[in-house]
Amino acid sequence: MIRFYNTLSGQKEEFIPLEPGQVKMYTCGPTVYDYAHIGNFRAYVFEDLLKRFLLAMGFKVTHVMNITDVDDKTIRGAKAKNLSLEEYTKIYTEAFFEDIDTLKILRADYYPRATHHIPDMVKMIKGLMAKGYAYEKDGSIYFDVSKFPNYGQLAKIKISELKTGVRIDADEYSKDSVQDFALWKKRKEGEPYWETELGPGRPGWHIECSVMSTKYLGETFDIHCGGVDNIFPHHENEIAQSEAYTGKKFVNYWLHCHHLIVEGEKMSKSKGNFYTLRDLTSRGVDPLDLRYLLLATHYRKMLNFTFDGLRQAGAARRRLYDFIYELYHRTFPPGETPEIKTLVKEAKNKFLAALSDDLNISQALTALFELVKKGNIFLAQGQVKRGDRQILDQALQDLDKVLAVLPALEEEQLPQEILKKIEERQKARAARNYALADKIRDELRAQGILLEDTKEGVRWKRIKPTSS
RNA sequence: GGCGCGGUACCCAAGUGGCUAAGGGAGAGGUCUGCAAAACCUCGAUUCGCCGGUUCGAAUCCGGCCCGCGCCUCCA
């Protein structure tokens, strides 16, 4: 049984998709006004884990992620750089796709852009007006929250208890009630606008998600994800709009991931602890170490990003890599050991059972590391046969289809000069000139090549160059 | 004020009524090695923020308190 914590009910619920074997999920995507930061990626990596887990469980997953390419920030950014909105958002949209590839995040099936769905939004807004849920004021159109009795169901907020007054009309639009939100913003001088039946203007933020999710997934769909900060008002408003419009339940399961903080503090540009993926990779951080770090803390728990944590993530990944390395660089006798088949089966079962319980990643990783530990013991005892090697390797690859944290085990050719050095060292060792041998080993290590002498000869691994 | 999350070993982090409190990192000792590295073995919380209570039995349930954090109108 698969169970997820549903923000709507505030508890874990059995997951039953609308259509057996099929999952339709929508995840809130980037506003393409800047490079995405590691907090954004925490959400995307969590969603990727969720999706990969569902795929591993045999579901067909239809995944939609929006690209918000028109809002205050994109407009402001484009203006500052003297670019058209389209030119400006293109830069960050492309960067976004590069980044998710770097982090091995699977592509969604659809990436609808807000600016490509204006007519759909107009249609929904008109429908809401016709049903009396929306009203026009000064050329802008607002959703009337008082007309939707269930407003606040997701965020557990009562309208009457909302703290009021601080940022009323910060954007200079007028509306009947503070909690009402804009569906359509009238044209402002110097800003992009669309000429529509609603008058010249641009869409509010929330409407795009209601329109694009239901367009690609249906009026009711299974899963909607985002960061906790989206619960209110964004997702609350999406529910109000969508359900007011269709008269049907919008989403069955709402999954929200918690925020990330950096070295114990909220990440912010002013504190200087704000990191994009590019900031980290340019410092030499392995993106998959970051992926592991983001993945390894349960999604509903606040994650404290630290550079020490990144190092620990790297060490954990290294342990996995070393195990696979052994599988590929030893010679094994023919045959198989039945215990290994059992071991692998139990590990897989435990792994998926753990993730089935609201994505309990810690226990899933425990299953993985127990497999490696016991596998290493069999390896040390010389009990791994050719058939077992295959089974162990396949198991690791299967689990990594969900985690996607293992480095590729490509057979990389070392440059000729390094191969020569290794050979030179082997000669020195044979001649018992260990001083020279160690000197060469240190040199190569500084270049990121780690040498290990085993019974089956010398072998090398790529490591981060030591800065000594 | 409202809603919510968390405090488990040196660090990260599972476990929510009962076998020895997972796993990873770091550390100590040992095996292997020319020395290393990797791997393996051994060790490491009589204890789960604090104080009460319920129970045969609690890190886990109840009450109170302390501490840290997030959100409360466009920030994942």
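Cut-offs applied
- Residue indices begin from 1 for each chain and proceed along its sequence in written order.
- Each chain is given a letter, starting from A, and each ligand a number, starting from 1, according to the order in which they appear as written.
- Owing to the predicted nature of the model, reporting of local features is limited to residues with pLDDT of at least 70; listing and counting of side-chain atom pairs is limited to 80 or more, with chain, interface and lining totals taken over all residues.
- Based on all heavy atoms of the structure, the side-chain values leave hydrogens and waters out of the count.
- An automatic or database domain assignment provides the domain bounds reported here.
- By definition, any uninterrupted DSSP run of H or I lasting at least four residues is a helix, any uninterrupted run of E lasting at least two residues is a strand, and each is numbered from the N terminus.
- Relative accessibility thresholds used throughout: buried, under 20% of the residue-type maximum; exposed, over 50%; partly exposed, between the two (1.4 Å probe, protein chains only).
- His is not counted, nor are the chain ends, whereas Lys and Arg count as positive and Asp and Glu as negative.
- Only one rule defines a salt bridge in this text: a Lys or Arg side-chain nitrogen within 4 Å of an Asp or Glu carboxyl oxygen.
- Whether two residues are in contact is decided by their heavy atoms, any of which lying within 4.5 Å being enough.
- Only rings of Phe, Tyr and Trp enter the pairing, Trp through its six-membered ring, and a pair is recorded when the two centres are within 6.5 Å. The plane angle decides the type: under 30 degrees is stacked, over 60 is edge-to-face, the rest tilted.

Remarks on the domain arrangement of chain A
Domain boundaries in chain A define domain 1 (15-257), domain 2 (277-403) and domain 3 (416-462). Between domain 1 and domain 3, the C-alpha centre-to-centre distance is 57 Å.

Describing the side chain of glutamate 238
Among the secondary structure elements, glutamate 238 is positioned in helix α6 (residues 231-246). Buried and unpaired, glutamate 238 has no salt bridge, with lysine 249 as the nearest side chain of opposite charge at 14 Å. Leaving out residues up to four positions away in the same chain, glutamate 238 has contacts with Cys28, His206, Cys209, Ser210, His224, Phe250 and Trp254.

A few points about the packing of aromatic side chains
Tallied over the entire structure, the rule returns 24 aromatic pairs. For the pair phenylalanine 46 and tyrosine 299, a centre-to-centre distance of 4.4 Å together with 10° between the ring planes defines the contact as stacked. Residue phenylalanine 46 is found in helix α1 (residues 38-56), and its partner tyrosine 299 is found in the loop between α8 (287-296) and β13 (303-305); the two are separated by 253 residues along the sequence. We classify tyrosine 299 as buried; its relative accessible area is 4%.

Topic: the pattern of salt bridges
For side chains bearing opposite charge, pairing can occur when the charged atoms are close. On inspection of all chains with the given rule, the structure shows 32 salt bridges. Here arginine 52 ties to aspartate 48 by a salt bridge, and the two come within 2.8 Å at their closest N and O atoms. Here arginine 52 pairs with aspartate 48, and both are found in helix α1, just four residues apart, close to one helical turn. Members of the salt-bridge network, linked through shared partners, are Arg318, Asp322, Glu326, Arg330, Glu452, Arg459 and Lys461.

What about unusual backbone geometry?
Of note, the bond from phenylalanine 232 into proline 233 is cis; its omega dihedral lies within 30 degrees of zero at 5°. If you check the backbone angles, lysine 104 has positive phi at about 55° while not being a glycine. Here lysine 104 shows up in the loop between α3 (85-102) and α4 (118-130). When its relative accessible area of 31% is taken as the criterion, lysine 104 is described as partly exposed. A positive phi is found at arginine 432, a non-glycine position, where the angle reads about 60°.

Remarks on the environment of tyrosine 193
Relative to the helices and strands, tyrosine 193 resides in the loop between β7 (181-186) and β8 (201-203). When the C-alpha atoms of tyrosine 193 and valine 70 are compared, they prove to be 9.8 Å apart, with 123 residues separating the residues in sequence.

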